[in-house]
Structures are given as C-alpha cells and as structure tokens.
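# Topology and contacts: notes
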Amino acid sequence: MNTQPTQAQGWGIVGHERSIDILRRTIAAQQVRHAYLFTGPPHIGKGLLAHRFAQTLLCTGNPDPLVVPTNPCNTCLACRKVMHENHPDVHTVKKAPDKQFILIEQIRGLQSDSARRTLEGRRNVFIIHNAHEMNMQAANCLLKTLEEPEPDVILLLTVPDAGLLLPTILSRVQQIPMQLLTTARIKIALEQQWEVEAEEAELIAALAAGRMGWAVEAVEKDELLDERKSQLDLLAKLPSHNKIQRFDAAQRLSADTEKVDALLDLWLLWWRDLVLASNDCLDLTVNVDMRDLLKKQAAKFGSAEAERMIRAILSTREAIEQNVNARVALEVLMLDMPKIS
Ligand SMILES: [Zn+2]
C-alpha cells in the first residue's frame, strides 16, 4: 500500500484537489480572505469542502499554536468538534425546511454572532448553504458584513451557480469552482479513501452521476441507499395502483418537502434509464443493481412512454419551484404514471 502522504492529506475529498490547493495556498501565504464562494451542481461536495476548510482553519493539531496548518489533522479536539458539527465557532445558516427563503433574521443572527469574540478558536466561521436562497433583504443585509467584516470572521457560501448571486456579493468573495467527476474517479475514491467494497462502490459511483458530495453522503448515511430502494420499489408498484392508492402515496411523499426534490431526481434517473434500456443501451444505465427490472419495464413501457414520463417529472419539478403545493403537484404526476390493469 502507498503510505506516502498526499499533499491534501486529511481533507478526505478526492477529485477536488485543485479547489483544495487554492484554499491551502491562501492559508500558507497567510492570505485567507473574509469570504469564499463554493460553486457547482447540487451534491457535488460544496458543503463538504466548506466544512473541511473550516476545520483546517480551526485545527489545533500543530505543535506551534500560532501556525495554522494547511491540512486538518482530524484528531485534535477542534477538528473533532467541527466534524461532529458542535464547534461553537462554526455557524451554519440555511433555509428552514418550512420557509421559502433564507430570511433577514437569520443574517442578523449571523451578524450578532460575528460581532462576538470567538469562543474557542481563532476564527468565527459562518457557512451559508445555498446562499442564492436568501431573499433580497437577507442578501442586502449580508452585504453589510461582506463590506465591513469583523477581523476574525470568515464567510463560506455555497451556490449551484455564481450567476444566482447579486454582483455586489460576487465582487466581495473568492470563488472556488467545483467540477463533476467521472464515475471511475468516484469509484476509486470510494474504494481507496472510504474503504467501500468494489460492488457497492460501483453502484454508489454510478448513482452519484459525478457528484462526489452525494457519494460521500451515501457512504456515511446508510439510509440514503435504503431510501432510494424503497422509493424505487414504490415506483415499480405504482403502475398497478388505483387512483386512491396513488393519491395516498402522493400525500405520504409530499409530507417531507426537503425530500421531494431528491425523489424527483431519482425518478428522473429511473425513466432516463428506461429510455436507454429501451434503446438497447442497458450497459449505460445508472441504476446498475436493478438492470433486470429495467429490462422488464423497458419491454413493457417502451421508449416513448419513458420519454413522456421524463417530461411529466420535469414539469412537476417546475411547478413546485413555482410554489405549486407539492402534494397537488405529485398527485398530478401520479395520475400521469402509466397503468397496468
Ligand atoms: Zn486538528
């Protein structure tokens, strides 16, 4: 086994070395900025990288307490607290599940926390997940902090696309773009860094569709794959369900609005796989562990029906984005699903 330490040892993120390198260099040059913006598609690992950066900034593993290490040691008390999300100097801001936006009150809370002295570390770190979900007042309020930051405050923002933020915010942050990875790269990373068995690594890497953050989440949280299984089982059963059973399913699924998005993503991938399977491209499908079922369903529904479902799911997602009630939108989708009598 290769025991040579990699440069970014301790970050636990493979494939984003370039982004990590930018961050390590700013630490080494003692030029850590007040605000960073991590950009890239959902689940690519933006939150994970922001979190590891916070950990590195607060790590106390170096024998010289004045030196900020460029890699987290993962063993000191500060590192462990950041990892377990209970470090008092790392604050997370995100949209509440029952709200449409990140609200100004949350940004005001951030400002009063940032004016306070740090409790344990040398910095006060604020991670704002999906910063584009701030409403206009919240964004303008945050601008104040970006214009006149407290000396020890670091803001780490994540957003799928930089264009979703106000130009006045963009001009005050350093952007850290993150790219999708190949399936092979993710598989190797899972096997080598996370010690995942080959077969499971292949499945997770395929489902991750380039998103390392999703892959890591699937490894860390068993329930992610269990949930996928149960949602695909439901999808397989729906064609034989009557109207009442379908409405019932819509009601259950829409109860957790946070999960509706992931559900639609999953179903979208399924029908996309069915299009591939109907066109003799079973080997290109993402749901590698369910190819038998894909083959059967492809024979039953055919490519045109699968394409129709993809359009239906996309318009369901659009409707929810435009604030149509999730249950109503899912009910419409359920009725669109093919029937087998
Ligand atoms: Zn440490």
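Just so it is clear, the structure is predicted and the values come from calculations on it, not from any experiment.

We now examine the overall build of the protein. Within the protein one finds 14 helices and five strands. The globule rule puts the C-alpha radius of gyration for 341 residues at 20 Å, and the 22 Å found for the protein is close to it. Each principal axis of the C-alpha distribution contributes one length, and for the protein these read about 70 × 55 × 30 Å. Residue pairs in contact within the protein that sit at least 24 positions apart in sequence constitute 69% of those at least 6 positions apart.

Another aspect to go through is the sheet that holds strand β4 (residues 153-159). Spatial ordering of the open sheet is given by β2-β3-β4-β1-β5, a layout of five strands whose pairing is parallel. Each having just a single partner strand, β2 (90-93) and β5 (174-177) make up the two edges of the open sheet. Looking at each pair of strands side by side, their axes are set apart by 20 degrees on average, direction ignored. For strand β1 (residues 35-39) and β4, the ladder comprises five bridges, and the chain directions are parallel. Each bridged residue has a counterpart across the sheet, and for Tyr 36 the counterpart in β4 is Leu 156.

Take the domain arrangement of the protein next. By the assigned domains, the protein splits into domain 1 (17-177) and domain 2 (223-336). Of note, the centres of domain 1 and domain 2, computed from C-alpha atoms alone, are 35 Å apart.

It is at 8 Å that the axes of helix α7 (residues 183-193) and helix α8 (residues 198-208) come closest, and there the two elements cross at 140 degrees. Considering the angle they form, α7 stands oblique to α8. Viewed along their axes, α7 and α8 form a crossing whose handedness is right-handed. Touching Thr 183, Ile 186, Lys 187, Leu 190 and Glu 191 of α7 are Ala 198, Ala 201, Glu 202, Ile 204, Ala 205, Ala 206 and Ala 208, all from α8. Counted by class, the contact of α7 with α8 contains eight nonpolar, one polar and three charged residues.

It is worth spelling out the packing of helix α11 (residues 243-254) against helix α14 (residues 326-336) at this point. A pair of packed helices can be characterised by two numbers: the angle between their axes and the separation between those axes. It is the contact of α11 with α14, at a shortest axis distance of 8 Å, that shows an interaxial angle of 140 degrees. Viewed along their axes, α11 and α14 form a crossing whose handedness is right-handed. Of α14, the residues touching α11 (which contributes Arg 246, Phe 247, Ala 249, Ala 250, Gln 251, Leu 253 and Ser 254) are Ala 326, Arg 327, Leu 330, Glu 331, Met 334 and Leu 335. Its residues assigned to classes, the contact of α11 with α14 comprises eight nonpolar, two polar and three charged.

What follows deals with unusual backbone geometry. A positive phi angle, close to 70 degrees, is found at Asn 74, a residue other than glycine. Tracing the chain through its elements places Asn 74 in the loop between α2 (46-58) and α3 (77-83). Among the residues examined, Asn 74 registers 17 C-beta atoms within 10 Å and is labelled partly exposed. Not every positive phi belongs to a glycine, and Asp 280 is a case in point at roughly 60 degrees. Mapped onto the fold, Asp 280 is located in the loop between α12 (257-278) and α13 (291-321). Residue Asp 280 is classed as exposed on the basis of its C-beta count, with 9 C-beta atoms lying within 10 Å.

Thresholds, definitions, all that
- Residues numbered from 1 in each chain as written.
- Predicted model: local features only at pLDDT ≥ 70, side-chain atom pairs only at ≥ 80, totals over all residues.
- Helix = DSSP H or I, 4+ residues; strand = E, 2+ residues; numbered from the N terminus.
- Rg over C-alpha atoms; globule rule 2.2 N^0.38 Å.
- Contact = placed C-beta atoms within 7 Å.
- Pairing = 2+ DSSP bridges.
- Axes fitted to C-alpha atoms, helices over the stretch in contact; angles between N-to-C directions.
- Domains from an automatic or database assignment.
- Parallel < 35°, antiparallel > 145°, perpendicular 65-115°, else oblique.
- Left-handed = near helix turned anticlockwise from the far one by under 90°.
- Nonpolar A, V, L, I, M, F, W, Y, C, P; charged D, E, K, R; others polar.
- Buried ≥ 20, exposed ≤ 12 C-beta atoms within 10 Å, placed from the backbone.

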